[in-house]
Amino acid sequence: MNILKVANIEKDLEEVTAVYCNVHHPINPEQHQEIMKERIRKHACYPGFKAIKALDESGKIVGMAYGYTSMPGQFYRSKIERFLDEGEKKKWLDDCFEFVELAVDPAVQRMKIGSKLHDALLKESRHAVSLLTTQVDNHAAKSLYESRGWEVIKSAIRPMETAPSLTLMGNEQLSRF
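Residues numbered from 1 in each chain as written. Predicted model: local features only at pLDDT ≥ 70, side-chain atom pairs only at ≥ 80, totals over all residues. Heavy atoms only, no water.

> Would you mind going over the overall build of the chain with me for this structure?
The helix and strand inventory of the chain stands at 6 helices and 7 strands. Reading the helices (α) and strands (β) of the chain from amino to carboxyl end gives β-α-α-β-β-α-α-β-α-β-α-β-β. A compact globule built from 177 residues would reach a C-alpha radius of gyration of about 16 Å, and the chain, at 15 Å, matches this within 12%. Once the C-alpha set of the chain is aligned to its principal axes, its extents read approximately 50 × 35 × 30 Å. Going through the 177 residues of the chain one by one, you find that 47% of them count as buried. Look at the contacts in the chain between residues 6 or more apart in sequence, and 67% of them connect residues 24 or more apart. If you sum the accessible surface of the chain, you get close to 9,300 Å²; carbon and sulfur atoms cover 50% of it. (Helix = DSSP H or I, 4+ residues; strand = E, 2+ residues; numbered from the N terminus. Rg over C-alpha atoms; globule rule 2.2 N^0.38 Å. Buried < 20%, exposed > 50% of the residue type's maximum accessible area, 1.4 Å probe, protein only. Contact = heavy atoms within 4.5 Å. Areas by Shrake-Rupley, 256 points an atom, 1.4 Å probe, with all protein chains shown as cover.)

This is the structure:
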C-alpha cells in the first residue's frame, strides 16, 4: 500500500470520487459522483488545499483524504462558527486546517489505511489546529479520530438543516504527525 500526495487533482478526480461515493453513498454511488467532483474542484481552489491518496499494489486508488485552510467567508466555516463562542472561535479558527474528507474502500478497511491517510494529510498541514465533523453515530470514525488525538468540541450539532446530527472535533497536536 502506497500513501502519496495528490499532485494533480484533475488526474485523480475520477478514482478519488469513486472511492468517496462507494463509502459515503454505497446504495447508488454513481448518482453522487458529479456532485462530489464539483465539490472537490471547488475545494481544490481554496488556500492550503492538500489531498492524499492510498494506492493498492496495482496502482488503483483505494483511499483518499483532503482538506484546506479554514478562511473567513467559506461556506462550511460560516456554518460551524455559529456553534462556537468567541474564545472557541479564536482557539479553533484562527490558524485552522479543515480536515474535510477521509474515505477508504470497504474492501480494504480495517488495515490502518485510514490512519495512514489521516497522518499523511495532517503532516502536510502547517496550521496550529485542525477541525472536522463526523456523524454522531459514526463510532468507527470517532474512534479513529480520538486515537489520533482529536477531542470532541461540540456534539449533536446541525450545521445544515438537511444534514444529520454531527460531532465537531478538534486536534491541537498537529506537530506529532
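> Got a minute to help me understand the environment of M71 in this structure?
Counting through the fold element by element, M71 comes out in the loop between β3 (61–69) and α3 (75–81). On the basis of relative accessible area, M71 is assigned to the partly exposed category, the value being 32%. As a C-alpha pair, M71 and D94 span 23 residues in sequence and 8.4 Å in three-dimensional space. Once residues within four sequence positions are removed from consideration, M71 is found in contact with P47 and R77.

> Explain the pairing of strand β2 (residues 50–55) here, please?
Every other side chain in a regular strand lies on the same face of the sheet, so the side chains alternate between the two faces. Burial analysis of β2 places 5 of its 6 residues in the buried class, the great majority of the element. The pairing of strand β1 (residues 2–5) with β2 spans 4 bridges and is classified as antiparallel. Note on β2: the bridge partner recorded for I3 is A54. The pairing of β2 with β3 spans 6 bridges and is antiparallel. Across the sheet, the residue bridging to A51 is Y66, located in β3. The turn linking β2 back onto β3 is made up of 5 residues, and G59 within it adopts a positive phi angle of 95°. (Pairing = 2+ DSSP bridges.)

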